[in-house]
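Observations on the three-dimensional arrangement
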Amino acid sequence: MLQSTIHRVLAEYGVQKQNIVEVGTWVIIIGSLVLSVILYNIFRQLLKRLALRISLANRKYSWLKVFVEKRVFDWLAHILPVYILFVLGEIFAKYEDKIFLLGKVYFSVMVAVITARVLDALAALYNKAHEGQANIRPINSYVDLLKIIVYSFSGLLIIAILFKQSLLTILSGIGALTA
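Note that this is a predicted model, so its numbers are computed, not measured. (Residues numbered from 1 in each chain as written. Predicted model: local features only at pLDDT ≥ 70, side-chain atom pairs only at ≥ 80, totals over all residues. Heavy atoms only, no water.)

**Regarding the confidence of the model for the chain**
To keep things clear, this is the line we draw: Each residue carries a pLDDT value, the predictor's own confidence for that position, ranging from 0 to 100. The helix count covers DSSP runs of H or I at least four residues long, the strand count covers runs of E at least two residues long, and both are numbered beginning at the N terminus.
Of all residues in the chain, 98% have pLDDT values of 70 or greater, and the mean over the chain is 85. Considering each helix and strand of the chain separately, the mean pLDDT is smallest for helix 1 (residues 2–12), with a value of 76, and largest for helix 7 (residues 140–162), with 94.

**Quick notes on a nonpolar patch on the surface**
Heads up, the condition is: Like-charged residues within 9 Å of one another, or nonpolar side chains (Val, Leu, Ile, Met, Phe, Trp, Tyr) within 5 Å, are grouped into patches, provided each residue has over 30% relative accessible area and no salt bridge. Where accessible areas are quoted, they stem from the Shrake-Rupley method and a 1.4 Å probe; at the residue level, only the protein chains shown are allowed to cover. Only one rule defines a salt bridge in this text: a Lys or Arg side-chain nitrogen within 4 Å of an Asp or Glu carboxyl oxygen.
A cluster of nonpolar side chains, contributed by Trp26, Ile30, Val34, Ile38, Ile42 and Leu46, occupies part of the molecular surface with about 590 Å² of accessible area. Mapped onto the secondary structure, leucine 46 falls in helix 2 (residues 17–57).

**Topic: the packing of helix 6 (residues 96–129) against helix 7**
Here is the rule: In this description, a line fitted to the C-alpha atoms serves as the axis of each element, helices being fitted only across the stretch in contact, and the angle between N-to-C directions of two axes falls anywhere from 0 to 180 degrees. By the definition adopted for this analysis, an angle is roughly parallel if under 35 degrees, roughly antiparallel if over 145, roughly perpendicular if from 65 to 115, and oblique otherwise. When residues are sorted by character, Ala, Val, Leu, Ile, Met, Phe, Trp, Tyr, Cys and Pro go into the nonpolar class, Asp, Glu, Lys and Arg into the charged class, and all the rest, Gly among them, into the polar class.
Put simply, helix 6 and helix 7 touch, their axes get as near as 10 Å, and they point 175° apart. Between helix 6 and helix 7, the crossing angle belongs to the class labelled roughly antiparallel. Class assignment for the residues of the contact of helix 6 with helix 7 results in 16 nonpolar, 5 polar and 3 charged.

**Quick look at the nonpolar core**
Stated precisely, the cut-off is as follows: As used here, the term nonpolar core means buried Ala, Val, Leu, Ile, Met, Phe, Trp, Tyr and Cys residues forming a set that is joined through side-chain atoms within 4.5 Å. Burial classification: accessible surface area is computed with a 1.4 Å probe over protein chains only, and a residue below 20% of its type maximum counts as buried, one above 50% as exposed, and the rest as partly exposed. The criterion used for residue contact is that any of the two residues' heavy atoms lie within 4.5 Å.
Counting 11 residues, the largest nonpolar core consists of Tyr40, Leu47, Ala51, Leu64, Val66, Phe67, Val68, Val72, Phe73, Ala77 and Ala121. Within the residue set of this core, elements represented by two or more residues are helix 2, helix 3 (63–69) and helix 4 (72–76). For this core, the leading source of residues is helix 3, giving 4 residues. Sequence-distant contacts of phenylalanine 73, defined by excluding residues within four places in its chain, comprise Arg44, Leu47, Lys48, Ala51, Leu64, Phe67 and Val68.

**Looking at the pattern of salt bridges**
Taken as a whole and assessed by the stated rule, the structure comprises 4 salt bridges. Taking the shortest distance from any N to any O, the salt bridge between lysine 48 and aspartate 74 comes out at 3.8 Å. You can see lysine 48 sitting in helix 2 and its partner aspartate 74 sitting in helix 4, a full 26 residues away along the chain. For arginine 71, the salt bridge is made with aspartate 74, and the minimal N-O distance between the two is 3.0 Å. Of the residues examined, arginine 71 reaches a relative accessible area of 39% and is grouped as partly exposed. One network of salt bridges, with partners in common, ties together Lys48, Arg71 and Asp74.

Here it is, written out as structure tokens:
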């Protein structure tokens, strides 16, 4: 329905019939990208303001301020662009495979970065809670190791998605190479 409306409007503005489908597709794609950027920025600001208000209103939620500082909510706001990508895949059946592939890769990167940001925030909270204590063990190296594992797993998952293989196939191939 959206496509037919855009095609009709383009025809009214004098776009030649042989170009209407292609121009209409680009109008929808560019419009969706602009919409996703606008929604991302709005959602990101709402999440950050809500978290800061809650943390300032109640001291027991002060950890939310650290999550804002570590930009966890900035990356959580990427949920909307991913959702828009999947909706675009349903609208454009012709490009559905490529759009879903891009959406899966985007989602994998987003989850990896959110996980790393949460680990950074938890480490900051731990360090803040144990500040000034004599026998404190620094956990930054452990957090960095976990982030390396998360990013490595995400990279392998992205490779599996791009080559349309199972993650176990990729892992067994790496195991065979190391042997």
